[in-house]
Each structure stands twice: as C-alpha cells, then as structure tokens.
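A closer look at the structure
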Amino acid sequence: MPTLPSGSARSADQELHRQRVMAESFGADPERYDRTRPRYPQAMVARIVTASPGPDLLDVGCGTGIAARQFRAAGCRVLGVDVDERMVQQARYGGVEVEVAAFEAWDPVGRTFDAVAAGQSWHWVDPVGGASKAAQVLRPGGRLAVFWNAGQPPPGLAAAFSAVYRRVLPDASLLHRALPGPDGYSTLLAGAADGIRRSGAFGDPQQWRFDREQSYTRDEWLDQVPTFGGHSTLPPASLARLLAGLGAAVDALGGAFSMRYTTVVITAARTDRPVAVRRVQSS
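Residues numbered from 1 in each chain as written. Predicted model: local features only at pLDDT ≥ 70, side-chain atom pairs only at ≥ 80, totals over all residues. Heavy atoms only, no water.

1. Describing the overall build of the protein
Check the secondary structure of the protein and you find 12 helices and 7 strands. By the burial criterion, 53% of the 283 residues in the protein qualify as buried. For the protein, the proportion of contacts with a sequence separation of at least 24, taken over those separated by at least 6, is 80%. Per element, the accessible surface of the protein, about 12300 Å² overall, is 53% carbon and sulfur. (Helix = DSSP H or I, 4+ residues; strand = E, 2+ residues; numbered from the N terminus. Buried < 20%, exposed > 50% of the residue type's maximum accessible area, 1.4 Å probe, protein only. Contact = heavy atoms within 4.5 Å. Areas by Shrake-Rupley, 256 points an atom, 1.4 Å probe, with all protein chains shown as cover.)

Encoded structure:
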C-alpha cells in the first residue's frame, strides 16, 4: 500500500475550507444532489470497515447521507455531522442520524468511534484541525478515511466540456475544474495527508484507489451538473447556457457516454499517543 509524499505546499485547493459560499452551495437542491451524485465503490466501503476496529462510524460532512447509507448497509452504526441544515434534512429523510455543526466545532459529548469517514467533503475541513478533531473522537487504532470520486470523461468529451466552460464562464476558474480527473485531486490528497501528519496523532497515511465506469445519458448528466460546487450560485441564464452547451457536446457523441471514476482514499490509523486537539478559529 503506497504512502504519500510529505509536504506543506499551499494553494487555492488547500484553502477551500475557507470558501464558505461555495461550501454551502450544495444544499440548494438536496434532493437532486442525493438522486444524481455517484455512489462509492462497495470494495472501498468494505475495506474501510474491515480496517476499522469496530462498527461505530462518524461520517463528517455527510451531506444527504450517500456514504452513510452505504456504510450502514455494510453493518456500521453511523452518526453523521454536517453544517448544512438543508442537506441534513435530506439525510434524516433517508434514515441517517445527523447532528448539525461544523466538524471542527462539533461537540462529541464524550462519544468515541472506530472510524471517521468523509466522502467528498474533507476539503471543506481545516486539514490539521480536522485531523486533530478526528483523533480526539477515535478510539486507539481507529481509522480516519477521507475520499473523493474523481470523474474523467472520454478525452474528446472532456475537451468539449472544458471549451463550453471557458466560453460560458470565462472568469469562473474553480468551476472550470468541476471534473479535474484523478490527477486534479493530487493537491487535495497531499493536503489531507499533510494535515494527518501534522496532527501527530496517526500512523503514516496511505492512499487507496478504486476504479470503475458509469454510463450516462445526456439527460442524466445534465441532471447532475447543477450539483457541482458553485453551480447553484450561477445566474439562471448562465446555468442554462452552460447546460445547453454541455448537452450539445454529449449529443455530438450520440447522446450518451461512459465516465471513468477513480475513488481516491487517504487513510491512517490513530496511534495510542495522547491527542491534543488543535483549536481552529472560524473565518
């Protein structure tokens, strides 16, 4: 199992936890988010469960409960925590127990867990403060696992999508990277691993990778696009032009395509050393 290189480089990607407007944009349409967002590989869920010392799991930034339901189906007792009441309501509708709070400020009230997981959300958490808080609530030997779905369309379609974004949203650089592919997540992965190391509470982080493909029709893809970060904050006319351009690009390939997904995981086990929680000031 490969380990990650150390480093403390800073970039816009590593400061995403400060971009609250984008972080809180996902709750604009929680039902759409829950319906359209890709699930996580069952092999990943099983590996995290197997590598954890018990079934009690805390899902950080659980959103609408997509990962939480998968872990629950695998036999875990799951508690979620999320800052967005709109997403939380959708998760509760699906039967997930969730508490509303930013993870760094959340009060566990003495509760501890065998695993702390974060699907598609750890970049909204301070990397060092989050790792320290995870260590505080993990039992010795408990596992922190943070993961992302990285999607990569066929090369020709990826280029066509990028051209549409540049044409419709020439000044929205973050939106241009709505589908960065696995390599585009390298900064987030390095930042997560660096935060885990700097917390001083975990063994050396490892990277796991799971590959799969998923087919989309034109309409299925356009249904998901508004759930990407920041897209719900676009003016309606701009979003309509964006969807029209993306739809035309899919139509040019026959109205459907196969997306290659790579789910990348950064994970480490908590050591037996005492844990000092790093206090993070809200911004």
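2. As for the nonpolar core
Core analysis: the biggest nonpolar cluster contains 32 residues, and Leu58, Trp122 and Phe202 have the highest contact counts within it. Elements supplying a minimum of two residues to this core: β1 (56-60), β2 (77-82), β4 (113-119), α6 (127-137), β5 (138-152), α10 (186-199) and β7 (256-269). Contacts of leucine 58, omitting those with residues within four sequence positions, involve Leu79, Val81, Phe103, Trp106, Phe113, Ala115, Val116, Ala117 and Val137. Among the nonpolar cores identified, the runner-up in size contains 25 residues, and Leu57, Met87, Phe147 and Val265 belong to it. (Core = buried A, V, L, I, M, F, W, Y, C linked by side-chain atoms within 4.5 Å.)

3. Digging into the sheet that holds β5
Strand order in the open sheet formed by 7 strands is β3-β2-β1-β4-β5-β7-β6, with mixed pairing between adjacent strands. One side of each edge strand has no neighbouring strand; the edge strands of this open sheet are β3 (97-100) and β6 (206-217). Direction aside, neighbouring strands of the sheet carry axes that sit 20° apart on average. By the bridge criterion, 12 bridges tie β6 to β7 in an arrangement that is antiparallel. Residue glutamine 214 lies in a different strand from β7, and its bridge partner there is methionine 259. Strand contacts of helix α3 (residues 42-51): β5, β6 and β7, with the helix running at about 155° to β6, the strand carrying the most contacts. The sheet strands contacting α6 are β1, β4 and β5, and the helix crosses β5 at an angle near 135°. (Pairing = 2+ DSSP bridges. Axes fitted to C-alpha atoms, helices over the stretch in contact; angles between N-to-C directions.)

4. Things to note about the side chain of aspartate 82
Relative to the helices and strands, aspartate 82 is located in strand β2. By relative accessible area, which is 9% here, aspartate 82 ends up buried. Excluding anything up to four places from it in sequence, aspartate 82 contacts Gly61, Cys62, Gly63, Met87, Val88, Val98, Glu99, Val100 and Ala101.

5. Quick notes on the packing of helix α7 (residues 155-168) against helix α12 (residues 236-251)
At a closest axis distance of 9 Å, the pairing of α7 and α12 adopts a crossing angle of 155°. By the angle class used here, α7 and α12 are roughly antiparallel. Judged by the sense of rotation from one axis to the other, the crossing of α7 with α12 is right-handed. Contact residues: α7 offers Leu157, Ala160, Phe161, Val164, Tyr165, Arg167 and Val168, while α12 offers Ser238, Arg241, Leu242, Gly245, Leu246, Ala249 and Val250. The residue makeup of the contact of α7 with α12, split by class, is 10 nonpolar, 2 polar and 2 charged. (Parallel < 35°, antiparallel > 145°, perpendicular 65-115°, else oblique. Left-handed = near helix turned anticlockwise from the far one by under 90°. Nonpolar A, V, L, I, M, F, W, Y, C, P; charged D, E, K, R; others polar.)

6. Here's the deal with the pattern of salt bridges
What the rule picks out here adds up to 18 salt bridges. Notably, a salt bridge pairs aspartate 34 with arginine 69, separated by 3.0 Å at the nearest N-O pair. Remark: arginine 69 occurs in helix α4 (residues 66-73) and aspartate 34 occurs in helix α2 (residues 30-36); sequence separation between them is 35 residues. Using a relative accessible area of 11% as the deciding quantity, one classes aspartate 34 as buried. A salt bridge links arginine 198 to aspartate 194; the nearest nitrogen and oxygen atoms lie 3.8 Å apart. On the criterion of helical spacing, the pair formed by arginine 198 and aspartate 194 is a turn pair, its members being 4 residues apart in helix α10. (Salt bridge = Lys/Arg side-chain N within 4 Å of Asp/Glu carboxyl O.)

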